[in-house]
Amino acid sequence: MTQQPIPNGGAAAAILAAGVGCFALAVLAVAGDASKAIAHRLTFYVPTGPLSGVTTLAMVVWLAAWMLGHWLWRSQTIAIRRAALASLVLLILGFLLTFPPFEDLLLRK
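Computed from a prediction, not measured in an experiment: that's the story for all the values here. (Residues numbered from 1 in each chain as written. Predicted model: local features only at pLDDT ≥ 70, side-chain atom pairs only at ≥ 80, totals over all residues. Heavy atoms only, no water.)

**A closer look at helix H1 (residues 9–34)**
Which entries qualify depends on this criterion: Elements are defined by DSSP. Helices are runs of H or I of four residues or more, strands are runs of E of two residues or more, and each kind is numbered from the N terminus. Take the number of residues in a helix, subtract one, and multiply by 1.5 Å to get its expected span. Only protein chains enter the accessibility calculation, which uses a 1.4 Å probe; a residue is then buried when its area is under 20% of its type maximum, exposed when over 50%, and partly exposed in between. What makes two residues a contact is simply this: any of their non-hydrogen atoms within 4.5 Å.
Between the first and last C-alpha of H1 there are 37 Å, a value that for 26 residues agrees with the 38 Å anticipated at 1.5 Å per step. Taken together, the buried positions of H1 are Gly9, Gly10, Ala12, Ala13, Ala17, Gly19, Gly21, Ala24, Ala26, Leu28, Val30 and Gly32. In this fold, the buried residues of H1 make contact with helix H2 (36–41), helix H3 (50–73), helix H4 (80–98) and helix H5 (100–107).

Next comes the structure, spelled out in structure tokens:
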């Protein structure tokens, strides 16, 4: 009797979506800092400014990535280490994009 691997696609989708959401937050934050027009469009709540749109849209991206990944992979066995590594890379890139020295280099302030 051979055991079938337990599908872990839902977990892999959740892990990868976390990295996608972190990276989306960083990209939106940098875009809001780079352009007044984008900052204006990201202002969902005036007292908070563009940060309200940045965080809201990053949450939407995270949730959409999680839902799509879960829908695509729900019954599959995924290489969880690859998903975790990709998520870690996206998390590190997101951190670097929002770290002031790197953001200043990117925006040439």
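Back to the write-up after that little detour.
**Notes on a nonpolar patch on the surface**
Note the threshold: Exposure above 30% relative accessible area and no salt bridge define the residues that can form patches, which grow by joining like charges within 9 Å and nonpolar side chains of Val, Leu, Ile, Met, Phe, Trp and Tyr within 5 Å. Reported accessibility uses the Shrake-Rupley method at a 1.4 Å probe radius. Residues are deemed covered only where the shown protein chains occlude them. A pairing counts as a salt bridge when a side-chain nitrogen of Lys or Arg comes within 4 Å of a carboxyl oxygen of Asp or Glu.
A cluster of nonpolar side chains, Leu85, Leu88, Val89, Leu91, Ile92 and Leu93, forms an exposed patch at the surface whose accessible area comes to about 520 Å². The topology assignment puts Leu91 in helix H4.

**A closer look at the packing of H1 against H5**
The angle between the axes and the distance between the axes are what describe a pair of packed helices. Let me state the cut-off plainly: Note on definitions: angles span 0 to 180 degrees between N-to-C directions of axes, and those axes are lines fitted to C-alpha atoms, for helices only across the stretch in contact. Throughout, the term roughly parallel applies to angles under 35 degrees, roughly antiparallel to angles over 145, roughly perpendicular to angles from 65 to 115, and oblique to all others. When the near helix sits turned anticlockwise from the far one by under a right angle, the crossing is termed left-handed; a clockwise turn instead gives a right-handed crossing. Think of it as three bins: nonpolar holds Ala, Val, Leu, Ile, Met, Phe, Trp, Tyr, Cys and Pro, charged holds Asp, Glu, Lys and Arg, and polar takes everything else, Gly as well.
At a minimum axis distance of 11 Å, the contact between H1 and H5 shows a crossing angle of 55 degrees. As far as their axial angle goes, H5 and H1 are oblique. In this structure, H1 meets H5 at a crossing whose hand is right-handed. The residues of H5 that touch H1, namely those facing Ala29, Val30, Asp33 and Ala34, are Glu103, Leu106 and Leu107. For the contact of H1 with H5, the residue count by class is five nonpolar, no polar and two charged.

Honestly, it's all geometry; don't read function into it.
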